[in-house]
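Chain by chain, the residues:
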Amino acid sequence: MIIGDYESWGRYPKYKPNDVFSVYWRNEIPDLGKFPNKILPYAWGKSYGDSCLNENGILIDTKNLSKFISFDEENGLFRCEAGVTLASILDFFVPRGWFLSVTPGTKFISVAGAVANDVHGKNHHNSGSFGCHVTKFELVRSSGERLICSNEENTELFKATIGGLGLTGLITWVEFKLKPCPSAFFAMESEKFYNVDEFFDINDKSEKTFDYTVSWVDCTASGSSLGRGIYNRGNHAHPEEYEIPKLPNQKLKSFPFDAAFINSFSVNVFNMLYFNKQINRIEKNVVHYDPFFYPLDAVLHWNKAYGKQGFLQYQFVVPFGNEKDTIREILKQVSGSGMSSFLTVLKTFGDMKSPGMLSFPRPGVTMAIDFRMNGDKTLKFLESLDSIVRESGGVIYPAKDARMSAEDFQKFYPQWTEFEKYIDPAFSSSFWRRVTKKINN
Amino acid sequence: MKKIMIFGAASAIAQETAKLFARDGENLFLVDMNIGRLEAVRDDILSRFKTKIEIYEMNALDFDKHQELFDKAIQTLGGLDAVLIAHGTLPDQIKTQEAQEMIIREFNINCVSVISLASIAANYFEKKKEGCIAVISSVAGDRGRQSNYIYGAAKGGVTTFLQGLRNRMTHSGVSVVTIKPGMVDTPMTAHLPKSPLFAKPGVVGKGIYKAMLSGKAVAYLPGYWRLIMFIIKMIPEWIFKKMKL
């Protein structure tokens, strides 16, 4: 393997491990206590910041743990190895009438990564996070123990591992619930909104009748257009109700080189075109799950479009209360900064609670904003956003983070000291070392 | 429903071929040297497709158990329609060329055991007057190169053996398929730097499946290797011997 290949999705920071150890068979896991440095599991490297990095440590590459183990058709219970991608699950199961209970915006992640980050998707308002659908997994610890964790056995480790950022041991397999789906297609509606208030009005009525909702926001717009965007919502398309198109035969394109293609000019043009592309206020389509859930997956390595210095995704959630003012304030800051974002996503979380001890999703409004890494200027700006999030009682998402302060993390996740008891002594990550630094008052 | 034995079934390429046969509902008898790996492969296939799979742990170097293996497979499945021989190792050329016992071991794994298994299969299918013997050889067997000639010579031996066997078996209606993969991105090549010439095991596994169904004599996988190896074979020896390949 080539150590330089093990980077995070945002390609910032650039921390290299000392070594990488690949595992191929779930029954041939090496003695995790024997490694000379701290270890961290790594599969497809889709975490944005440094939660999947382990500078000067060792990465345990699990992407070859790619086997299915069992499927209980009666209960929709599926068990597979840690490195299996959501893409390979969809490839196999959608034609047979099953779908993922929860999926994030990329399908190129491993199931163990989905557990470790307790990922969420467009149906959080009615289905919660990935961890809500996990029934069991196996955790190998550096003590040599192989523990089955569920709601019945090793319950505390079960809770700590969901959203536990890969620090509690090596997950070898996961069992979770799939849900029946009537087709590979979604009946989707897109509705334009012209400000933040309109977003919330549309959201209130849409969440009652649509299983999946998410919005794109034009973060270059300001003044009276502040907070304009397009609200997307959909449901599984039943063949009795909708004409199901033929399967698309699309070939994946790959972004060919490192180029800072994304800059403030292209972002402004893109956002303007994207908003105006839709002529009618509401448009309806029947679309395949790929463009519906994974529009960016159509271009592999799209992260390279940000150039070698990489990019940061800023994702936070703020509780309901004064959420409208907070979102407006953040958008004002972003549009005024000139550091506009290519893709900004807005969504409300529901109140379904995940078993995860350190999970990110909680009732409120979440927003994800991409920024090209432009050195101190970018980092300073994000610090100014931190203070808005902090004051409104929000938190930042570790899976996307590369820079929040130890002080903020420890305030956002006060349960971290409780969580720390379940960390395997042989495991660590660059993220964890950064956010658990001692704070000097 | 056909009955197929796969030797070296835990290899990344063979797993892919096995899945395609299982999808068709064929019954499988999977052999490899580690039962834990075989169980993982079997569970993977059975969680996807409804078919019958038997697993059997055996080391290819146990030559005197080869006949017993076939008897067992024929008894368990109630006959055999096809055999895929897919096991092998990729030795480090430099380390191997300096150690005679390693050369012999590599030849035993990659050539002698293969010829032994294929011979037993041939005798069975010849009597049956039908069947298919597919063997994974390699493009490395097409011409000896200094970087890889011990592995290459073992595979070359397999290729020549299969040519002769094919000539014999054609008269009995049995197909002999020589598979010549190029470089494939598998655990066997994990230590090598990857180039665009590397193929995915899924692509090669599917190529084997198709070649076995059609009874093709020689399958280069992916197909562009036929052209590459044609060119390499055309280079006159007096030039070739000075090249660093």
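The following refers to the structure shown. (Residues numbered from 1 in each chain as written. Chains lettered and ligands numbered in written order. Predicted model: local features only at pLDDT ≥ 70, side-chain atom pairs only at ≥ 80, totals over all residues. Heavy atoms only, no water.)

## Some remarks on the overall build of chain B
Phase 1 of the analysis: Of regular secondary structure, chain B possesses nine helices and seven strands.
Phase 2 of the analysis: Radius of gyration (C-alpha) of chain B: 18 Å, near the 18 Å computed for a compact globule of 245 residues.
Phase 3 of the analysis: Considered along the principal axes of its C-alpha atoms, chain B spans approximately 55 × 40 × 35 Å.
Phase 4 of the analysis: Taking all 245 residues of chain B together, 52% fall into the buried category.
Phase 5 of the analysis: Of the roughly 11,300 Å² of accessible surface on chain B, a fraction of 57% belongs to carbon and sulfur atoms.
Phase 6 of the analysis: Measuring between centres, the 32 positive side-chain charges of chain B sit 8 Å from its 23 negative side-chain charges. (Helix = DSSP H or I, 4+ residues; strand = E, 2+ residues; numbered from the N terminus. Rg over C-alpha atoms; globule rule 2.2 N^0.38 Å. Buried < 20%, exposed > 50% of the residue type's maximum accessible area, 1.4 Å probe, protein only. Areas by Shrake-Rupley, 256 points an atom, 1.4 Å probe, with all protein chains shown as cover. Lys, Arg positive; Asp, Glu negative; His and termini not counted. Charge placed at Lys NZ, Arg CZ, Asp CG, Glu CD.)

## Concerning the interface of chain B and chain A
The figure often quoted for interface size is the accessible area lost as the parts come together.
Phase 1 of the analysis: Between chain B and chain A, the residue contacts involve 17 residues of the former and 16 residues of the latter.
Phase 2 of the analysis: The contact between chain B and chain A buries some 1,300 Å² in all, and 53% of this surface belongs to carbon and sulfur atoms.
Phase 3 of the analysis: In terms of surface lost to chain A, no three residues of chain B exceed B:Arg37, B:Ser47 and B:Arg48, which account for 37% of the buried area on that side.
Phase 4 of the analysis: For the pair chain B and chain A, the number of links is three salt bridges.
Phase 5 of the analysis: For the side of chain B that touches chain A, the element with the highest residue contribution is helix α2 (residues 35-46) of chain B, accounting for six residues.
Phase 6 of the analysis: For the side of chain B that touches chain A, the residue count by class is seven nonpolar, five polar and five charged. (Contact = heavy atoms within 4.5 Å. Buried area = accessible area lost by both parts, 1.4 Å probe. Salt bridge = Lys/Arg side-chain N within 4 Å of Asp/Glu carboxyl O. Nonpolar A, V, L, I, M, F, W, Y, C, P; charged D, E, K, R; others polar.)

## As for the sheet that holds strand β3 (residues 53-57) of chain B
The strands making up a sheet are joined through hydrogen bonds of the backbone, oriented either antiparallel or parallel.
All names here are of chain B.
Phase 1 of the analysis: The strand order across the open sheet built from seven strands is β3-β2-β1-β4-β5-β6-β7, with neighbouring strands paired in parallel fashion. Of all strands in the sheet, those with a lone pairing partner are β3 and β7 (218-221), marking the two edges. Shown here is a sheet whose adjacent strand axes are inclined to one another by a mean of 15°, direction ignored.
Phase 2 of the analysis: Here strand β6 (residues 174-181) pairs with β7 via four bridges, running parallel. Each residue of the ladder has a partner; that of Lys-180, found in β7, is Tyr-220.
Phase 3 of the analysis: Seen against the sheet, α2 touches β2 (27-32) and β3 and runs at an angle of roughly 170° to β3. (Pairing = 2+ DSSP bridges. Axes fitted to C-alpha atoms, helices over the stretch in contact; angles between N-to-C directions.)

## Re the pairing of strand β12 (residues 229-236) of chain A
Two faces, one strand: in a regular strand the side chains alternate between the faces of the sheet.
All names here are of chain A.
Phase 1 of the analysis: Most of β12 is tucked away: seven of the eight residues are buried.
Phase 2 of the analysis: Bridge count for strand β10 (residues 185-193) against β12 is eight bridges, and the pairing is antiparallel. Note on β12: the bridge partner recorded for Met-188 is Gly-234.
Phase 3 of the analysis: In this sheet, β12 lies alongside strand β11 (residues 212-217) in antiparallel orientation, the contact comprising six bridges. In the sheet register, Tyr-212 faces β12, and the bridge partner there is Gly-234.

## A few points about the sheet that holds strand β3 (residues 58-61) of chain A
Residue and element names in this part refer to chain A.
Phase 1 of the analysis: Pairing in this open sheet of three strands is parallel, and the strands run β1-β3-β2 from one edge to the other. Because the sheet does not close on itself, it has two edges, and the strands there are β1 (19-22) and β2 (39-42). This sheet shows a mean twist of 30° between the axes of neighbouring strands, independent of strand direction.
Phase 2 of the analysis: Where β1 lies against β3, four bridges are found, and the strand directions are parallel.

## Examining the pattern of salt bridges
Residues and elements named next belong to chain A.
Phase 1 of the analysis: Per the stated rule, a full pass over the model turns up 37 salt bridges over all chains.
Phase 2 of the analysis: The partner of Arg-146 in a salt bridge is Glu-138, and the shortest N-O contact between them spans 3.0 Å.
Phase 3 of the analysis: With a relative accessible area of 34%, Arg-146 lands in the partly exposed category.
Phase 4 of the analysis: Judged by relative accessible area, Glu-138 falls into the buried class, the value being 9%.

## Details of helix α6 (residues 149-169) of chain B
All names here are of chain B.
Phase 1 of the analysis: Taking 1.5 Å per residue, 21 residues should reach 30 Å; α6 reaches 29 Å between its end C-alpha atoms and fits that length.
Phase 2 of the analysis: Regarding α6, the residues found buried are Ile-150, Tyr-151, Gly-152, Ala-154, Lys-155, Gly-156, Val-158, Thr-159, Leu-162, Leu-165, Arg-166 and Met-169.
Phase 3 of the analysis: Along its buried surface, α6 packs onto α4 (93-97), α5 (100-128), β5 (131-136), β6 and β7. (Expected span 1.5 Å × (residues − 1).)

## So, the side chain of A:Ser101
Phase 1 of the analysis: Mapped onto the elements of the fold, A:Ser101 is located in the loop between β6 (98-100) and α2 (111-116).
Phase 2 of the analysis: At 2.7 Å, the side chain of A:Ser101 and the backbone oxygen of A:Lys177 are in polar contact. (Polar contact = N/O pair within 3.5 Å; in protein donor to acceptor, adjacent residues only side chain to side chain.)

## Topic: the packing of α5(B) against α6(B)
All names here are of chain B.
Phase 1 of the analysis: Between α5 and α6, the shortest axis-to-axis distance is 9 Å and the interhelical angle comes to 10°. In this view, α5 runs roughly parallel relative to α6, as classed from their interaxial angle. Crossing geometry of α5 relative to α6 is assigned as right-handed.
Phase 2 of the analysis: Taken together, the residues of the contact of α5 with α6 sort by class into 16 nonpolar, four polar and three charged. (Parallel < 35°, antiparallel > 145°, perpendicular 65-115°, else oblique. Left-handed = near helix turned anticlockwise from the far one by under 90°.)

## Looking at the pairing of strand β17 (residues 344-349) of chain A
Residues and elements named next belong to chain A.
Phase 1 of the analysis: Most of β17 sits inside the fold, with five of its six residues counted as buried.
Phase 2 of the analysis: When β17 meets strand β18 (residues 364-372), the two strands line up antiparallel, connected through six bridges. In the strand pairing of β18, Thr-348 is matched with Val-365.

## Quick word on the nonpolar core
Phase 1 of the analysis: Of all hydrophobic cores here, the largest spans 158 residues; its most connected members are A:Ile89, A:Phe176, A:Trp432 and B:Leu30.
Phase 2 of the analysis: Excluding residues that lie within four positions of it along the chain, A:Trp432 makes contacts with A:Leu167, A:Leu358, A:Phe409, A:Trp416, A:Phe419, A:Glu420 and A:Ile423. (Core = buried A, V, L, I, M, F, W, Y, C linked by side-chain atoms within 4.5 Å.)

## Focus on the state of the cysteines
Formally, a disulfide is one covalent bond, and it connects the sulfur atom of one cysteine to the sulfur atom of another.
Phase 1 of the analysis: Evaluation of the coordinates by the stated rule reveals zero disulfides over all chains.
Phase 2 of the analysis: We note that A:Cys181 lacks a disulfide partner, and the nearest cysteine sulfur, in A:Cys80, lies 17 Å from it.
Phase 3 of the analysis: A:Cys181 sits in the buried class, given a relative accessible area of 9%.
Phase 4 of the analysis: Looking at the unpaired B:Cys111, the closest cysteine sulfur is the one in B:Cys132, lying at 20 Å. (Disulfide = S-S within 2.5 Å.)

## Remarks on the environment of A:Gly128
Residues and elements named next belong to chain A.
Phase 1 of the analysis: Relative to the helices and strands, Gly-128 resides in the loop between α3 (124-127) and β7 (134-140).
Phase 2 of the analysis: Sequence-wise, Gly-128 and Gly-76 are 52 residues apart; in three dimensions their C-alpha atoms are separated by 18 Å.
Phase 3 of the analysis: With near-sequence residues (within four places) excluded, Gly-128 lies in contact with Val-102, Asn-123 and Met-352.

## Let's talk about a nonpolar patch on the surface
Residues and elements named next belong to chain A.
Phase 1 of the analysis: A grouping of Phe-265, Val-269, Met-272 and Leu-273 is seen on the molecular surface, where their side chains present a nonpolar patch of about 410 Å² in accessible area.
Phase 2 of the analysis: Along the chain, the position of Phe-265 falls in helix α6 (residues 264-277).
Phase 3 of the analysis: A relative accessible area of 62% means that Phe-265 is categorised as exposed. (Patch = residues over 30% accessible without salt bridge, like charges linked within 9 Å, V, L, I, M, F, W, Y side chains within 5 Å.)

## Some remarks on the packing of aromatic side chains
Phase 1 of the analysis: In this structure the tally under the stated criterion is 48 aromatic pairs over all chains.
Phase 2 of the analysis: For the pair B:Phe29 and B:Tyr56, a centre-to-centre distance of 5.8 Å together with 35° between the ring planes defines the contact as tilted. Of this pair, B:Phe29 sits in strand β2 while B:Tyr56 sits in strand β3, and the two are 27 residues apart along the sequence.
Phase 3 of the analysis: Sitting over the ring of A:Phe275, A:Lys192 keeps its end group 4.5 Å from the ring centre. (Phe/Tyr/Trp six-rings, centres within 6.5 Å; stacked < 30°, edge-to-face > 60°. Lys NZ or Arg CZ within 6 Å of the ring centre and 35° of its normal.)

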